Amino acid sequence: MNAQKTIIILGGGTGGLVAANELKKKAGEKARVILIDKNPNHIYAPSFLWLMLGKRQAEKIQKPLSLLKRKGIEFINEEIIKINPESKLVKTQNQNLQYDYLIVSLGAELVPEKIPGLAESGYNLYALKGVEKLRDDLENFAGGKVAIVVSSLPFKCPAAPYEAAFLLNERFQERGISGKTEINIYTPETLPLPSAGPDIGKAVAEMLAERKIGFNPETKLVSVNPQKRELQFSAQGGSASGGENGKTTSFDLLVFIPPHQGPKVMKDSGLGNEAGWIPVDKETLKTKYDTVFAIGDVIAATVASGKPRPKAGVFAHYEAEVVAENIARELKRLPADKKYDGHASCFLETGFGKAGFAHGNFYHAPAPAIKMKRSGRIWHWGKILFEKYWLWKWF
Ligand SMILES: Cc1cc2nc3c(=O)[nH]c(=O)nc-3n(C[C@H](O)[C@H](O)[C@H](O)COP(=O)(O)OP(=O)(O)OC[C@H]3O[C@@H](n4cnc5c(N)ncnc54)[C@H](O)[C@@H]3O)c2cc1C
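First things first, this report covers the structure right here in the doc. Nothing here was measured: the structure is a model prediction, and the numbers come from that model.

### Concerning helix α4 (residues 128-138)
Link 1 in the chain: When we look at burial in α4, the residues that qualify are Leu128, Gly130, Val131, Leu134, Arg135 and Leu138. Viewed along the axis of α4, the buried residues span an arc of 165 degrees, placing them on a single side of the element.
Link 2 in the chain: Where the residues of α4 are buried, they touch β3 (41-43), α2 (48-52), β4 (62-64), β11 (123-124), α5 (160-174) and β18 (253-257).

Right, dumping it as structure tokens:
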């Protein structure tokens, strides 16, 4: 009798890559591991910020998922178009695949088109092509008003817009155009990185102020006028601190974080909620189906206050390890008792070869217990080492 079970992993981004590796390592021949992604390559998104400055090449921050074959992991480079958890079936463009266990790590869908005028007016910081275009056009930027806009909540990597501001500030100073350049961040958040608690938020806000980077909280972008190069903010929902609400603001260079939504295929499968995010037990990552797990950006988990747990690769990584361990244990008829406790960490580039480092437990009650190490060269080097480690370790 063939005791091998089929585990299908949807998505070869951060969570899917770790889950596939860990599962094959821990379950060996007991598991047939199939990874499906529409993209032939795994892309390491944290390096987009260095790519923006020309410090990385696109081909150096991605690797073909087909390389996983050498670890015994099957890779299917196709789009997933349907999931039927009742009949344990995944449908891709060309195949119908049956699974025993399913791990969903499809991330967030980016939908710039939700805000009129946005895509044609600026650079998408969260898409490889957008960052490459920004890098090329920065060379000819002679100074002016730079707007970094978080277009809506939730968005992945809460640190990225602030890192982009610090690194652009560095570049403008190096090029001698900082005197005629003004950087402003516009965001619906009340403070930077609000899910890490007010102390971290205030520390980052101070770093922005030291560098004369404008911080405009509680601003909600409704549209962009590409001809006039103007941002239109909503008049609703802001507080007194949201000074831009209801106003239009002009810009010369627009860098944006696009609206995010849960993958459409999730909503259609009945696994996702209205917005496409998947409710799970946040310790075991189990969905309402016993053999279906979801990890990473696609899940709808909350911290103790009821606010969403941030979307970041570090969560996808640790959640993948928990799910892989538990499935491997089930295959070996051992108790599947590993749980994710909410610990996480994150580097925050602050410019000029320095970075900060935030670490702690996001599920700590009554509030996340996060500490931030002072910005220094060591954390910047830590971030570089982690990038090298990541693209070596999982391939
Ligand atoms: C600029 C930037 C900087 C960042 N920096 C950090 C950082 O420093 N630290 C950190 O922790 N996080 C960081 N992040 C966030 C991190 O990249 C994400 O949170 C993480 O990748 C989420 O992992 P995931 O597996 O949930 O989804 P993803 O990594 O987004 O993977 C989803 C995969 O699913 C595939 N997919 C989606 N739909 C389909 C479909 N229908 N069919 C087939 N395939 C599909 C996609 O092609 C993709 O490969 C950063 C993100 C950006 C954009």
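So that's the structure; there's more coming.
### A short note on the pairing of strand β15 (residues 221-225)
Link 1 in the chain: Summarising the sheet, β15 and strand β16 (residues 230-233) pair through four bridges and their orientation is antiparallel. Its bridge partner being in β16, valine 224 is matched across the sheet by leucine 231.

### A look at the site of the ligand
Link 1 in the chain: Taken together, 26 residues are adjacent to the ligand, and Thr14, Gly15, Asp37, Ser105 and Asp297 come closest.
Link 2 in the chain: Here glycine 313 contributes a backbone N or O atom positioned 2.9 Å from an oxygen atom of the ligand.
Link 3 in the chain: A distance of 2.9 Å separates an oxygen atom of the ligand from a polar atom in the backbone of valine 314.
Link 4 in the chain: In the complex, 89% of the free accessible area of the ligand, which totals 990 Å², lies under the protein chains.
Link 5 in the chain: Of all elements in the fold, only α1 (14-27) and α8 (313-331) reach the threshold of two or more residues within the shell around the ligand.
Link 6 in the chain: Among the elements that line the shell around the ligand, the one with the most residues is α8, at three residues.
Link 7 in the chain: Of the residues in the shell around the ligand, the class split is eleven nonpolar, nine polar and six charged.

### Considering the environment of valine 222
Link 1 in the chain: Examined against the element boundaries, valine 222 turns out to sit in strand β15.
Link 2 in the chain: Classification of valine 222 by relative accessible area gives partly exposed; the value is 39%.
Link 3 in the chain: Separated by 106 residues in the primary sequence, valine 222 and proline 116 place their C-alpha atoms 7.5 Å from one another.
Link 4 in the chain: Dropping the residues within four chain positions of it, valine 222 is found in contact with Ile115, Pro116, Gln232, Phe233 and Ser234.

### A word on the pattern of salt bridges
Side chains that carry opposite charge are capable of pairing whenever their charged atoms lie near each other.
Link 1 in the chain: Evaluated as defined, the whole model comprises 17 salt bridges.
Link 2 in the chain: Between lysine 55 and glutamate 170 there is a salt bridge; the shortest N-O distance is 3.2 Å. Here glutamate 170 lies in helix α5 and lysine 55 lies in the loop between α2 and β4, a separation of 115 residues in the sequence.
Link 3 in the chain: For the salt bridge of arginine 171 with glutamate 174, the shortest nitrogen-to-oxygen distance reads 3.6 Å. One end of the pair, arginine 171, and the other, glutamate 174, are both in helix α5, three residues apart, so they sit about a helical turn from each other.
Link 4 in the chain: Assessed through its relative accessible area of 18%, arginine 171 is described here as buried.

### Examining the packing of aromatic side chains
By convention here, two paired aromatic rings are described through the distance between centres and the angle between planes.
Link 1 in the chain: What the rule picks out here adds up to 13 aromatic pairs.
Link 2 in the chain: With a centroid separation of 6.4 Å and an interplanar angle of 35 degrees, the aromatic rings of tyrosine 318 and tyrosine 340 are classed as tilted. With a gap of 22 residues between them, tyrosine 318 in helix α8 and tyrosine 340 in the loop between α8 and β21 (343-351) connect regions that are remote in the sequence.
Link 3 in the chain: With relative accessibility at 21%, the residue tyrosine 318 sits in the partly exposed group.
Link 4 in the chain: Overall, the relative accessible area of 2% leaves tyrosine 340 in the buried class.
Link 5 in the chain: Members of the aromatic cluster, each reached through a chain of ring pairs, are Tyr44, Phe386, Tyr389, Trp390, Trp392 and Trp394.
Link 6 in the chain: The ring of tryptophan 50 has lysine 383 lying over it, and the distance from NZ or CZ to the ring centre is 5.9 Å.

The rules we used
- Residues numbered from 1 in each chain as written.
- Predicted model: local features only at pLDDT ≥ 70, side-chain atom pairs only at ≥ 80, totals over all residues.
- Heavy atoms only, no water.
- Buried < 20%, exposed > 50% of the residue type's maximum accessible area, 1.4 Å probe, protein only.
- Helix = DSSP H or I, 4+ residues; strand = E, 2+ residues; numbered from the N terminus.
- Arc of directions from axis to C-beta.
- Contact = heavy atoms within 4.5 Å.
- Pairing = 2+ DSSP bridges.
- Near = heavy atom within 4 Å.
- Polar contact = N/O pair within 3.5 Å; in protein donor to acceptor, adjacent residues only side chain to side chain.
- Areas by Shrake-Rupley, 256 points an atom, 1.4 Å probe, with all protein chains shown as cover.
- Nonpolar A, V, L, I, M, F, W, Y, C, P; charged D, E, K, R; others polar.
- Salt bridge = Lys/Arg side-chain N within 4 Å of Asp/Glu carboxyl O.
- Phe/Tyr/Trp six-rings, centres within 6.5 Å; stacked < 30°, edge-to-face > 60°.
- Lys NZ or Arg CZ within 6 Å of the ring centre and 35° of its normal.

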